[in-house]
Amino acid sequence: MPAPVSKQQIEKLEAIREKLKHDLVRLEEDVETAQQELAQEANKDDRIAEVAAMAVGRELDMSLESNIRLLLERVEDALEAIKAGNYGVCKSCGKKIPEERLEALPYAAMCVECQRRRETH
Ligand SMILES: [Zn+2]
């Protein structure tokens, strides 16, 4: 059985979740503004390079957004795992994730070895 999760750790995860949600909202606003600017630029036919540059910027926003969503998902998973009583257990090998790792990365779902194995394959 994994060690009980401290209140502090739960609060930490909840704080991360709130921050990510906030970031997501802000990012969506940014994307909206960029789209409006893009639409305005598209009306001027001599600004193709600039429009292209902005499209690239939008793509960056999109990947940033999917990163935040992914992270948010992992935080939600961790909070679910706390409720289910299996927080801090590696999803892949079922071993206990070291406390130092959870301290540094409260939403870690795998131990370092499994994470590394996944990344190299
Ligand atoms: Zn593992």
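For the structure given in this document, a descriptive report is provided here. A quick note: this is a predicted structure, and the numbers were derived from the prediction, not measured. (Residues numbered from 1 in each chain as written. Predicted model: local features only at pLDDT ≥ 70, side-chain atom pairs only at ≥ 80, totals over all residues. Heavy atoms only, no water.)

Within the protein one finds four helices and zero strands. Starting at the N terminus and walking to the C terminus, you meet the elements of the protein as α-α-α-α. For 121 residues, the compact-globule estimate of 2.2 N^0.38 gives 14 Å, and the protein exceeds it by more than 25% at 20 Å. Seen through its C-alpha atoms, the protein measures out along the principal axes to roughly 65 × 35 × 20 Å. A total of 121 residues make up the protein; the buried ones form 26% of that total. Of all intrachain contacts in the protein linking residues separated by at least 6 positions in sequence, the fraction that spans at least 24 positions is 57%. (Helix = DSSP H or I, 4+ residues; strand = E, 2+ residues; numbered from the N terminus. Rg over C-alpha atoms; globule rule 2.2 N^0.38 Å. Buried < 20%, exposed > 50% of the residue type's maximum accessible area, 1.4 Å probe, protein only. Contact = heavy atoms within 4.5 Å.)

Before going further, it helps to spend a moment on the coordination of the zinc ion. The protein atoms that coordinate the zinc ion are Cys-90 (SG), Cys-93 (SG), Cys-111 (SG) and Cys-114 (SG), at distances spanning 2.3 Å. Written as a sequence motif, the donor arrangement for the zinc ion is C-x2-C-x17-C-x2-C. In this pair, Cys-93 is assigned in the loop between α2 (48-84) and α3 (99-104) and Cys-114 in helix α4 (residues 112-120), connecting sequence segments 21 residues apart. Residue classification places Cys-114 among the buried positions, given a relative accessible area of 3%. (Donors = N, O, S within 2.8 Å, 3.2 Å for Na, K, Ca; no water.)

A few words now on the pattern of salt bridges. Counting across every chain of the model gives 10 salt bridges. A salt bridge links Glu-18 to Arg-17; the nearest nitrogen and oxygen atoms lie 3.8 Å apart. The exposure class of Glu-18 is partly exposed, given its relative accessible area of 45%. Here the salt bridges share partners, and the residues they tie into one network are Arg-17, Glu-18 and Glu-76. (Salt bridge = Lys/Arg side-chain N within 4 Å of Asp/Glu carboxyl O.)

On to the layout of surface pockets. A volume near 200 Å³ is recorded for the second largest pocket. Looking at the second largest pocket, it is lined by 15 residues, and the ones nearest its centre are Arg-74, Asp-77, Ala-78, Lys-91 and Ala-109. Its residues assigned to classes, the lining of the second largest pocket comprises nine nonpolar, two polar and four charged. (1 Å grid on protein atoms, 1.4 Å probe; cavity = no way out; pocket = protein on both sides within 12 Å on 5 of 7 lines; lining within 4 Å. Points joined across faces, edges and corners; volume = space filled by probe spheres on them. Nonpolar A, V, L, I, M, F, W, Y, C, P; charged D, E, K, R; others polar.)

Here we take up the nonpolar core. Of all hydrophobic cores here, the largest spans 20 residues; its most connected members are Leu-13, Val-75, Tyr-87 and Cys-90. For this core, the elements supplying multiple residues, two or more each, are α1 (7-42) and α2. A total of seven residues in this core trace back to one element, the largest contributor, which is α2. Setting aside its immediate chain neighbours within four residues, Cys-90 contacts Lys-95, Ile-97, Ala-109, Met-110, Cys-111 and Cys-114. (Core = buried A, V, L, I, M, F, W, Y, C linked by side-chain atoms within 4.5 Å.)

With that settled, the discussion passes to the environment of Lys-83. Here Lys-83 is to be found in helix α2. For Lys-83, a relative accessible area of 70% puts it in the exposed group.

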